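Letter by letter, the chains look like this.
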Amino acid sequence: MNNQPKREVMTEPASARALLPLALFLLLFLGTGIYFQVTGVDYAFYQLPSPVAILPAIALGVLLSKQPFEARIDTFVSGVGERNIVTMCLIYLLAGAFSTVAAATGGVDAMVALGLNIIPASFLLPGLFLIAAVVSTAMGTSMGTLAALAPVALGLGQAANIDLALLAGVLVSGAMFGDNLSIISDTTIAATRTQGCAMRDKFKANLKIAVPAAILTLVWLISYDTGATIPEIPEANAWLSVPYFAIILLAVLGMNVFVVLSLGIVLAAAFGMVAVGYQWVAFSNDIYKGFESMQEIFLLSLLIGGLSALIRQQGGLAFLAKTVASVTRRISKHKQQSAAFGISGLTALTNVCVANNTVTILLSGEVSKKLAEEGDLAPRQSASLLDIFACVVQGVLPYGAQALLMGASFGLSPLDVSIHTGYCFILAAVAVAMIIWRKPLESRQNTVDAATETA
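Cut-offs used in this document
Sequence order as written defines the numbering, with residues in each chain counted from 1. Confidence filtering applies because this is a predicted model: local features only for residues at pLDDT of at least 70, side-chain atom pairs given and counted only at 80 or more, and all residues used for totals across whole chains, interfaces and linings. The basis for the side-chain values is all heavy atoms of the structure; hydrogens and waters are excluded. Per the convention used, a helix needs a DSSP run of H or I reaching at least four residues, while a strand needs a run of E reaching at least two, with both numbered from the N terminus. When a residue's accessible area, from a 1.4 Å probe over protein chains only, is under 20% of the maximum for its type it is buried; when over 50% it is exposed; and in between it is partly exposed. By definition, residues are in contact when any of their heavy atoms lie within 4.5 Å. Methods summary: accessible areas were calculated by the Shrake-Rupley approach with a probe of 1.4 Å, and residue burial reflects only the protein chains presented. Salt bridge criterion: a side-chain nitrogen from Lys or Arg within 4 Å of a carboxyl oxygen from Asp or Glu. By disulfide we mean two sulfur atoms from cysteines, separated by a distance within 2.5 Å. Each polar contact in these results corresponds to two N or O atoms within 3.5 Å; when the atoms are within protein, one needs to be able to donate a hydrogen and the other to accept it, and residues that are neighboring in sequence are counted only if both atoms are side-chain atoms. To define axes, lines are fitted to C-alpha atoms, for helices over the stretch in contact only, and angles between the resulting N-to-C directions are given on a 0 to 180 degree scale. Note on terminology: angles under 35 degrees are roughly parallel, angles over 145 are roughly antiparallel, angles of 65 to 115 are roughly perpendicular, and the others are oblique. Rotating anticlockwise by less than a right angle from the far helix to the near helix defines a left-handed crossing, while the corresponding clockwise rotation defines a right-handed one. Three classes are used: nonpolar for Ala, Val, Leu, Ile, Met, Phe, Trp, Tyr, Cys and Pro, charged for Asp, Glu, Lys and Arg, and polar for all others, with Gly counted as polar. pLDDT is defined as a per-residue confidence score from the predictor, taking values between 0 and 100. Stacked, edge-to-face and tilted labels apply to pairs of Phe, Tyr and Trp rings (six-membered ring for Trp) whose centres lie within 6.5 Å, assigned for plane angles under 30 degrees, over 60, and everything in between, in that order. Here a helix's expected span is defined as the number of its residues, less one, multiplied by 1.5 Å.

## Considerations on the overall build of the protein
So, point 1. Within the protein one finds 23 helices and zero strands.
So, point 2. Relative to its full complement of 455 residues, the protein shows a buried share of 55%.
So, point 3. The contacts of the protein with a sequence gap of at least 6 include a subset with a gap of at least 24, amounting to 81%.
So, point 4. Accessible area for the protein stands at about 19600 Å²; split by element, carbon and sulfur atoms hold 66% of it.

## Comments concerning the pattern of salt bridges
So, point 1. Inspection of every chain in the model, using the stated rule, returns four salt bridges.
So, point 2. With a shortest N-O distance of 4.0 Å, Lys289 and Asp286 are connected by a salt bridge. Pair noted here: Lys289 and Asp286 are both in helix α14 (residues 280-293), with a separation of three residues, about one helical turn.
So, point 3. Looking at Lys289, the relative accessible area reads 48%, which means it is partly exposed.
So, point 4. Across the salt bridge formed by Arg312 and Glu366, the nearest N and O atoms sit 2.6 Å from each other. Here the residue Arg312 occupies a position in helix α15 (residues 295-313), and Glu366 occupies one in helix α18 (residues 357-374), the gap between them amounting to 54 residues.
So, point 5. Residue Arg312 is classed as partly exposed on the basis of its relative accessible area, which comes to 35%.
So, point 6. Looking at Glu366, the relative accessible area reads 28%, which means it is partly exposed.

## Side note on unusual backbone geometry
So, point 1. Even without being a glycine, Asp376 presents a positive backbone phi close to 55 degrees.
So, point 2. If you trace the backbone, Asp376 turns up in the loop between α18 and α19 (379-396).
So, point 3. For Asp376, a relative accessible area of 36% translates into the label partly exposed.

## Quick word on the state of the cysteines
Here, disulfide denotes a covalent bond that connects the sulfur atoms of two cysteines.
So, point 1. Tallying each qualifying case throughout the model produces zero disulfides.
So, point 2. With no disulfide of its own, Cys424 lies closest to Cys391 among cysteine sulfurs, the gap being 8.0 Å.

## Re the side chain of Thr187
So, point 1. Considering the arrangement of structural elements, one finds Thr187 in helix α10 (residues 186-195).
So, point 2. On the basis of relative accessible area, Thr187 is assigned to the buried category, the value being 0%.
So, point 3. For Thr187, the side chain forms a polar contact with the main-chain oxygen of Asp179, separated by 3.1 Å.
So, point 4. Polar side-chain contacts of Thr187 include one of 2.8 Å to the side chain of Ser185.

## Overview of α10
So, point 1. Counting buried positions along α10 yields ten of ten residues, so the element is predominantly enclosed.
So, point 2. Among all positions of α10, only Asp186, Thr187, Thr188, Ile189, Ala190, Ala191, Thr192, Arg193, Thr194 and Gln195 are buried.
So, point 3. Phi for Gly196, located one or two positions after α10, is positive at around 75 degrees.

## Considerations on the packing of α15 against α18
How two helices sit against one another is set out by the angle between their axes and by the gap between those axes.
So, point 1. Packing of α15 against α18 leaves a shortest axis separation of 10 Å and a crossing angle of 25 degrees. With respect to their mutual orientation, α15 and α18 come out roughly parallel. Handedness of the crossing formed by α15 with α18: right-handed. Touching Ile297, Leu300, Ser301, Ile304, Ser308 and Arg312 of α15 are Thr358, Val359, Leu362, Leu363 and Glu366, all from α18.
So, point 2. Grouping the constituent residues of the contact of α15 with α18 by class yields six nonpolar, three polar and two charged.

## Quick look at the environment of Ser338
So, point 1. By secondary structure assignment, the location of Ser338 is in helix α17 (residues 335-354).
So, point 2. With 14 residues separating them in the primary sequence, Ser338 and Val324 have C-alpha atoms 9.5 Å apart.

## Things to note about the confidence of the model for the protein
So, point 1. A residue-level look at the protein finds 87% of positions with pLDDT of 70 or above and a mean pLDDT of 81.
So, point 2. For the protein, per-element mean pLDDT is lowest for helix α23 (residues 442-454), which scores 43, and highest for helix α3 (residues 55-64), which scores 94.
So, point 3. A low-confidence stretch, residues 1-6 (pLDDT under 50), is modelled with zero contacts involving residues beyond four sequence positions or located in other chains.
So, point 4. Note that residues 440-455 has pLDDT below 50 and, in this model, 16 contacts with residues that lie over four places away or in other chains.

## Some remarks on the packing of aromatic side chains
So, point 1. Here the structure, examined in full by the defined rule, presents seven aromatic pairs.
So, point 2. The interplanar angle of 65 degrees and the centroid separation of 6.2 Å between the aromatic rings of Tyr278 and Phe283 together place this pair among those described as edge-to-face.
So, point 3. By relative accessible area, which is 12% here, Phe283 ends up buried.
So, point 4. Linked through ring pairs, Phe129, Phe177 and Tyr423 together constitute an aromatic cluster.

## Some details on the environment of Gly169
So, point 1. Note that Gly169 resides in helix α9 (residues 164-181).
So, point 2. Aside from chain neighbours lying at most four places away, what touches Gly169 is Val417, His420 and Thr421.

## Quick notes on the packing of α9 against helix α20 (residues 401-410)
So, point 1. Running from N to C, α9 and α20 point in directions that differ by 145 degrees, and their axes come no closer than 10 Å. Crossing geometry of α9 relative to α20 is assigned as right-handed. Seen from α9, the contacting residues are Leu164, Leu167, Ala168, Leu171, Val172 and Met176; seen from α20, they are Gln402, Met406 and Phe410.
So, point 2. A per-class count over the contact of α9 with α20 returns eight nonpolar, one polar and no charged.

## Focus on helix α22 (residues 422-437)
So, point 1. For α22, spanning 16 residues, the distance from its first C-alpha to its last is 22 Å, which sits close to the expected 22 Å at 1.5 Å a residue.
So, point 2. When α22 is considered as a whole, its buried residues turn out to be Gly422, Tyr423, Cys424, Ile426, Leu427, Ala428, Val430, Ala431, Met434 and Ile435.

## Let's talk about the side chain of Ser142
So, point 1. Examined against the element boundaries, Ser142 turns out to sit in helix α8 (residues 142-160).
So, point 2. Here Asp179 takes part through its side chain, which lies 3.1 Å from a polar atom of the side chain of Ser142.
So, point 3. Within the local environment of Ser142, its side chain forms a polar contact with the side chain of Gln402, the two groups lying 2.9 Å apart.
So, point 4. Filtering out sequence-adjacent residues up to four positions away, Ser142 remains in contact with Ser136, Ala175, Met176, Asp179 and Gln402.

Shown next, in the form of structure tokens:
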């Protein structure tokens, strides 16, 4: 039995040098992406897997530490095994399993068909925005939503003679709406776990910003005349959409996320077995495929947890939080407002660098939590801002995966796609307006939050 005392991790004073490993990771990830983009390689920013790009940064973090070597490794491993990191990774696995099983049983087709049956042909653009929003909210992935809807939307756009760049932008807009709100989205999982809030609370906070932005987007889209072309509706069993709506309802009601996702997997399989003869062998294989689909973000989350622990121990996160807080205090003297702007700006800048909204939240989550605590900002508010601005920037990046996918699917320049993602621009404007407008309400709301958490 090992009776050695547990080493206490001593945090060094704030230090800019401790951020060098993070800078190295961003340099490798961004530099490689720019190189492949210039040389015309498809999906340029996804050629170097992020779990590999972070390895040299981890090595540098270990070398820069002033601790004894064994203590450095202990610090890294403790970060990898941190409770929130492990919990987040388990949720990723369940979310991937549900998404794969539900898609394999025909749930995506059912959601698309349901939407097209409801929406009039003259409201095609706002209708596709709503379909993409609902499907993405249900699936928890903007990329999966775009991959599923792109072929249908392209045919509809060509039949109705709609500007394809606008149509692609509408799909990305709807997909980012759902990615931002979905309780099984990796961005939501990362935001809530890093900020320490319940998914239900973050969902409600997001709704107050996302719904007004979505309404403004629909008003904008309704102004376009798309004629009255009747789209061809894919054949699907409407009952297969029930698992999607079930997990949304259960999550909103506050049920534990592990229970929600587990029930979602079982429901999707059960409806598939009854409706389309889904087999047990396929069910088990699809669960594992879902696990595999989360492999990259699973590994990256663990490694970022370890790197963050090294950077935190060396004073890097303290330096970053102090610097961001200093800049934002010049923008606003109100501490809640200052913290909100700091979290928003930090998130947006990080996403520009890494072109991945989930990676952005993982990288900036701990600093954002510190800013929120110092600014007396409720965890649900910081989680909401993290997810919103990560999704905003991801939706408008011409080198983001969403714009690249739609550009390839529609034969367009990714830049043409990104400049037509109107919802993302509107969402950013609404979020900034809410930060400013809600200034007098923040202190009272935080008092309520604190009382609730104490109870």
